[in-house]
Amino acid sequence: MARREELEKEIEIAENRIKNAPVNTPKEIMDAWIKEYDSISFELNNLYEDDDTN
């Protein structure tokens, strides 16, 4: 699986985890999940694909 596909799948998982989190989820855990989501998003947005992989 290409790195882009892996990151897109990780983003989907992170979004679902945040969106479907129970109301009583501790703030520290939500913050960690959001930080993880932001990190994955940043990596995906800055992913460079050279001409050989397109």
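Use the structure listed above.
**So, the pattern of salt bridges**
Link 1 in the chain: Per the stated rule, a full pass over the model turns up five salt bridges.
Link 2 in the chain: Here Glu43 and Arg3 are joined by a salt bridge, their closest N and O atoms 2.8 Å apart. Placement of Glu43 in helix α2 (residues 27-45) and of Arg3 in helix α1 (residues 3-19) is noted, with a sequence separation of 40 residues between them.
Link 3 in the chain: Look at Arg3 and you get partly exposed, because its relative accessible area is 34%.
Link 4 in the chain: The partner of Asp31 in a salt bridge is Lys27, with the nearest N and O atoms 2.8 Å apart. With Asp31 and Lys27 both in helix α2, this residue pair falls four residues apart, about one helical turn.
Link 5 in the chain: What makes Asp31 partly exposed here is its relative accessible area of 37%.
Link 6 in the chain: Lys27 gets classed as exposed once you look at its relative accessible area, which sits at 57%.
Link 7 in the chain: Counted as one network, the salt bridges with shared partners bring together Arg3, Glu6, Glu10 and Glu43.

**Describing α1**
Link 1 in the chain: With 17 residues, α1 extends 24 Å between its outermost C-alpha atoms, agreeing within 8% with the 24 Å of an ideal straight helix rising 1.5 Å per residue.
Link 2 in the chain: Buried residues in α1 make contact with α2.

**With respect to the packing of α1 against α2**
Link 1 in the chain: Where α1 contacts α2, the two axes come as close as 9 Å, and the packing angle between them is 155 degrees. Considering the angle they form, α1 stands roughly antiparallel to α2. When you trace α1 past α2, the crossing you get is left-handed. Residues Arg3, Arg4, Leu7, Glu8, Glu10, Ile11, Ala14, Glu15, Arg17 and Ile18 of α1 form the contact with α2, whose participating residues are Met30, Trp33, Ile34, Glu36, Tyr37, Ile40, Ser41, Glu43 and Leu44.
Link 2 in the chain: Of the residues that constitute the contact of α1 with α2, the class distribution is ten nonpolar, one polar and eight charged.

What counts as what
Residues numbered from 1 in each chain as written. Predicted model: local features only at pLDDT ≥ 70, side-chain atom pairs only at ≥ 80, totals over all residues. Heavy atoms only, no water. Salt bridge = Lys/Arg side-chain N within 4 Å of Asp/Glu carboxyl O. Helix = DSSP H or I, 4+ residues; strand = E, 2+ residues; numbered from the N terminus. Buried < 20%, exposed > 50% of the residue type's maximum accessible area, 1.4 Å probe, protein only. Expected span 1.5 Å × (residues − 1). Contact = heavy atoms within 4.5 Å. Axes fitted to C-alpha atoms, helices over the stretch in contact; angles between N-to-C directions. Parallel < 35°, antiparallel > 145°, perpendicular 65-115°, else oblique. Left-handed = near helix turned anticlockwise from the far one by under 90°. Nonpolar A, V, L, I, M, F, W, Y, C, P; charged D, E, K, R; others polar.

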